[in-house]
Amino acid sequence: MNSTLDGNQSSHPFCLLAFGFLETVDFCLLEVLIIVFLTVLIISGNIIVIFVFHCAPLLNHHTTSYFIQTMAYADLLVGVSCLVPSLSLLHYPLPVEESLICQVFGFVVSVLKSVSMTSLACISIDRYIAITKPLTYNTLVTPWRLRLCIFLIWLYSTLVFLPSFFHWGKPGYHGDVFQWCAESWHTDPYFTLFIVMMLYAPAALIVCFTYFNIFRICQQHTKEISERQARFSSQSGEAGEMQACPDKRYAMVLFRITSVFYILWLPYIIYFLLESSTGHSNRSASFLTTWLAISNSFCNCVIYSLSNSVFQRGLKRLSGAMCTSCASQTITKDPYTVRSKGPLTGCHV
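This is a predicted model, so every value here is computed, not measured.

What counts and how
- Residues numbered from 1 in each chain as written.
- Predicted model: local features only at pLDDT ≥ 70, side-chain atom pairs only at ≥ 80, totals over all residues.
- Heavy atoms only, no water.
- Helix = DSSP H or I, 4+ residues; strand = E, 2+ residues; numbered from the N terminus.
- Buried < 20%, exposed > 50% of the residue type's maximum accessible area, 1.4 Å probe, protein only.
- Contact = heavy atoms within 4.5 Å.
- UniProt positions renumbered as here; feature names shortened; annotations may be inferred.
- Axes fitted to C-alpha atoms, helices over the stretch in contact; angles between N-to-C directions.
- Parallel < 35°, antiparallel > 145°, perpendicular 65-115°, else oblique.
- Left-handed = near helix turned anticlockwise from the far one by under 90°.
- Nonpolar A, V, L, I, M, F, W, Y, C, P; charged D, E, K, R; others polar.
- Phe/Tyr/Trp six-rings, centres within 6.5 Å; stacked < 30°, edge-to-face > 60°.
- Expected span 1.5 Å × (residues − 1).
- Polar contact = N/O pair within 3.5 Å; in protein donor to acceptor, adjacent residues only side chain to side chain.

**Q** Just to check I follow, could you spell out the overall build of the protein chain for this structure?
**A** Each helix and strand counted, the protein chain has 13 helices and 0 strands in total. Each helix and strand of the protein chain, ordered N terminal to C terminal, gives the series α-α-α-α-α-α-α-α-α-α-α-α-α. Looking at the protein chain as a whole, 43% of its 349 residues are labelled buried. Of all intrachain contacts in the protein chain linking residues separated by at least 6 positions in sequence, the fraction that spans at least 24 positions is 77%.

See below:
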């Protein structure tokens, strides 16, 4: 009996997507393509974001840059950790037991995504304070307090998912590409409720409350500006409108990032709740919703690069510096080439 099972497992590798296995190859082709593609996008995109933040000092003038960089580092670690299931699906020999690897991988990705979710909630609180208390903002939000807040974000995210190692249940489906996680590690309704009450629900409520009030206040400011414009000259009204717009525009950028995050994570959260409450599981649904949620680690890079003009200038400077570096190496190799009188570095914006 056991030999028959072993023979079936060796001839047919474990695939969450039933249509992902081809007889011509000895691994789940579609799963490998999806995971490797997302891994490359996540790692490359977040490395670019981190480099741009280091090369563009103006981006660091906003206190939210602390949290955005925290999200970028967390997303980068998500991409790096995704190399583990990629190697497993390609039948690369792993040094540790599959049960331990899948538990550690599921825990790590859950913590990293929790860091992103909590950082988005902190960003919304930061913008709320900046708009509701502009005069005392600099005394309330200091670099020291921001660093302490980031430390608490990592600590809190770790503590929320730490009980998964003490047989409380499965924290998510990130490790289900491993057969042991998919078949022997099950969700628990009480642990799922614990995660929802400690993480998902508070983060969503904070984001909804803060952005609702931010846009309400911005709407009031716009209305006041319109009244001033009608009362005084058009020039003073236009000047006031230009002063009120930056906060709203920056809030819109952050709101887009938050909205896309929850849109991509909503199918995963719904499936997580349904599977925990009913006990019925679907491997294809768990795989697709999980990796749709993980794809958010790349979407943050795209949204920020398309929405923030300072980030775009920093990206252009970074690419210009790289091109200049390549040109300087060419000049070194070819002494007959006329040297440019411009600077060879262009990281500062």
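**Q** Help me understand the UniProt feature "transmembrane region" (unreviewed entry) in the protein chain, please; the structure alone is not making it clear to me.
**A** What UniProt calls "transmembrane region" (unreviewed entry) maps, in this numbering, to residues 32-59, 71-92, 104-125, 146-169, 189-214, 253-274 and 286-307. End-to-end, the C-alpha atoms of residues 189-214 are 35 Å apart, and along that stretch the chain is 100% helix and 0% strand. Here residues 253-274 runs as 100% helix and 0% strand, with 32 Å between its end C-alpha atoms.

**Q** Even after reading the chapter, I still don't get the packing of helix α7 (residues 143-161) against helix α9 (residues 189-231), so can you show me in this structure?
**A** Across the interface, α7 lies against α9 with an axial gap of 10 Å and an inter-helix angle of 165°. What the angle tells us is that α7 and α9 run roughly antiparallel. Remark: the crossing between α7 and α9 carries right-handed chirality. For the pair formed by α7 and α9, the contact residues are Tyr156, Val160 and Phe161 on the first element and Phe191, Phe194, Ile195, Met198 and Leu199 on the second. For the contact of α7 with α9, a count of residues per class yields 8 nonpolar, no polar and no charged.

**Q** Help me out: how do you make sense of unusual backbone geometry in this one?
**A** Residue His167 is not a glycine yet carries a positive backbone phi of 65°. Tracing the backbone shows His167 in the loop between α7 and α8 (179-184). For His167, a relative accessible area of 80% puts it in the exposed group.

**Q** How should the packing of aromatic side chains be read in this particular structure?
**A** Each aromatic ring pair is summarised here by two numbers: the centre-to-centre distance and the angle between the ring planes. Tallied over the full model, the rule gives 11 aromatic pairs. Pairing Tyr128 with Phe209 gives two aromatic rings, centres 5.8 Å apart and planes at 50°, and the pair type is tilted. Placement of Tyr128 in helix α5 (residues 98-132) and of Phe209 in helix α9 is noted, with a sequence separation of 81 residues between them. Exposure remark for Tyr128: the relative accessible area of 25% places this residue in the partly exposed category. By way of ring pairs, the aromatic residues Phe261, Tyr262, Trp265, Tyr268 and Phe272 are connected into one cluster.

**Q** Teacher, can you tell me more about helix α3 (residues 64-81) here?
**A** Turn by turn, an α-helix covers 3.6 residues, leaving residues three or four places apart pointing in a common direction. Along its 18 residues, α3 runs 26 Å from first to last C-alpha, staying within 8% of the 26 Å computed at 1.5 Å per residue. Among the 18 residues in α3, 14 count as buried, and that is most of the element.

**Q** I'm lost on the packing of helix α2 (residues 29-55) against α3 in this one. Help?
**A** Packed helix pairs are specified by the crossing angle of their axes together with the interaxial distance, meaning the distance between the axes. In contact at an axis separation of 8 Å, α2 and α3 are set at 150° when each is read in the N-to-C sense. Here α2 lies roughly antiparallel to α3, going by the angle between them. Considering the relative orientation of α2 and α3, their crossing is left-handed. Note on element contacts: α3 touches α2 through Ser65, Ile68, Gln69, Ala72, Tyr73, Asp75, Leu76, Gly79 and Val80, opposite Thr39, Ile42, Ile43, Asn46, Ile47, Val49, Ile50, Phe53 and His54. Grouping the amino acids of the contact of α2 with α3 by side-chain chemistry returns 11 nonpolar, 6 polar and 1 charged.

**Q** I would appreciate a short explanation of the environment of Glu275 in the present structure.
**A** With respect to the helices and strands, Glu275 occurs in helix α10 (residues 234-278). Put simply, Glu275 and Ser286 are 11 residues apart on the chain and 9.3 Å apart in space, counted from C-alpha to C-alpha. The contact partners of Glu275, leaving out residues within four places of it in the chain, are Tyr173, Thr187, His280 and Ser281. Reaching out from Glu275, the side chain makes a polar contact with the side chain of Thr187 at a distance of 2.5 Å.

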